[in-house]
Amino acid sequence: MVVCSCNRLTHTDIENAVADGATRPKDIYAKRGCKAQCGNCVQGVVCLLREARKKHLQTAAILAQQAAPAQMSVALSA
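These remarks concern the structure in this document.

What counts as what
Residues numbered from 1 in each chain as written. Predicted model: local features only at pLDDT ≥ 70, side-chain atom pairs only at ≥ 80, totals over all residues. Heavy atoms only, no water. Disulfide = S-S within 2.5 Å. Buried < 20%, exposed > 50% of the residue type's maximum accessible area, 1.4 Å probe, protein only. Core = buried A, V, L, I, M, F, W, Y, C linked by side-chain atoms within 4.5 Å. Helix = DSSP H or I, 4+ residues; strand = E, 2+ residues; numbered from the N terminus. Contact = heavy atoms within 4.5 Å. Polar contact = N/O pair within 3.5 Å; in protein donor to acceptor, adjacent residues only side chain to side chain. Salt bridge = Lys/Arg side-chain N within 4 Å of Asp/Glu carboxyl O. Arc of directions from axis to C-beta.

1. Quick look at the state of the cysteines
Turning to step 1, where the next piece is worked out: If you walk through the whole model with that rule in mind, you get 0 disulfides.
Turning to step 2, where the next piece is worked out: Cys34 takes part in no disulfide bond, and the closest cysteine sulfur, belonging to Cys4, lies 6.4 Å away.
Turning to step 3, where the next piece is worked out: Given the relative accessible area of 18%, Cys34 is considered buried.

In structure tokens:
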């Protein structure tokens, strides 16, 4: 879905930027080498940024939980 028609910024661009560490709308635009022009997209970008960060943090937490038992068994067998 196109979020910013001025810059052809899509929801996938936002998700990829968050995966690369973006935490603010400015980071997302910078990742694409652009900036907000007319400003109509900013509210949508902020909303999708929050959703993507939440999803990214949840995934990281799940992966950490899955890795913890494996690390524990390695430590016990050493």
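What follows picks up the thread again.
2. A closer look at the nonpolar core
Turning to step 1, where the next piece is worked out: Ranked by size, the top nonpolar core spans 15 residues in total, and within it Val3, Leu9, Ile14, Ile28, Tyr29, Cys41 and Val45 carry the most contacts.
Turning to step 2, where the next piece is worked out: For this core, the secondary structure elements donating two or more residues are β1 (2–4), α1 (11–19), α2 (25–32) and α3 (42–77).
Turning to step 3, where the next piece is worked out: Setting aside residues up to four positions removed in sequence, Ile28 forms contacts with Leu9, Ile14, Ala17, Ala22, Val45 and Leu49.

3. Looking at the environment of Lys55
Turning to step 1, where the next piece is worked out: Summarising the element assignment, Lys55 is placed in helix α3.
Turning to step 2, where the next piece is worked out: Measuring from C-alpha to C-alpha, the distance between Lys55 and Glu15 comes to 9.3 Å, with 40 residues separating the pair along the chain.

4. What about the side chain of Asp13?
Turning to step 1, where the next piece is worked out: Examined against the element boundaries, Asp13 turns out to sit in helix α1.
Turning to step 2, where the next piece is worked out: A relative accessible area of 19% places Asp13 in the buried class.
Turning to step 3, where the next piece is worked out: A polar atom in the side chain of Asp13 sits 2.8 Å from the backbone nitrogen of Thr10.
Turning to step 4, where the next piece is worked out: Setting aside chain neighbours within four positions, we find Asp13 in contact with Arg8 and Arg32.

5. Looking at the pattern of salt bridges
Turning to step 1, where the next piece is worked out: One pass over the full model with this rule turns up 3 salt bridges.
Turning to step 2, where the next piece is worked out: The partner of Asp13 in a salt bridge is Arg32, with the nearest N and O atoms 2.5 Å apart. Taken as a pair, Asp13 in helix α1 and Arg32 in helix α2 lie far apart in primary sequence, 19 residues in all.
Turning to step 3, where the next piece is worked out: In this structure Arg32 comes out as partly exposed when scored by relative accessible area, which is 36%.
Turning to step 4, where the next piece is worked out: The residue Asp27 makes a salt bridge to Arg24 at a minimum N-O spacing of 3.1 Å.
Turning to step 5, where the next piece is worked out: Assessed through its relative accessible area of 21%, Asp27 is described here as partly exposed.

6. Digging into α1
Turning to step 1, where the next piece is worked out: Of the positions making up α1, those classed as buried are Asp13, Ile14, Ala17 and Val18. The arc enclosing the buried residues of α1, seen along the axis, measures out at 135 degrees, which places them on a common side.
Turning to step 2, where the next piece is worked out: Taken from the residues just after α1, Gly21 is the one with a positive phi, measuring 110 degrees.

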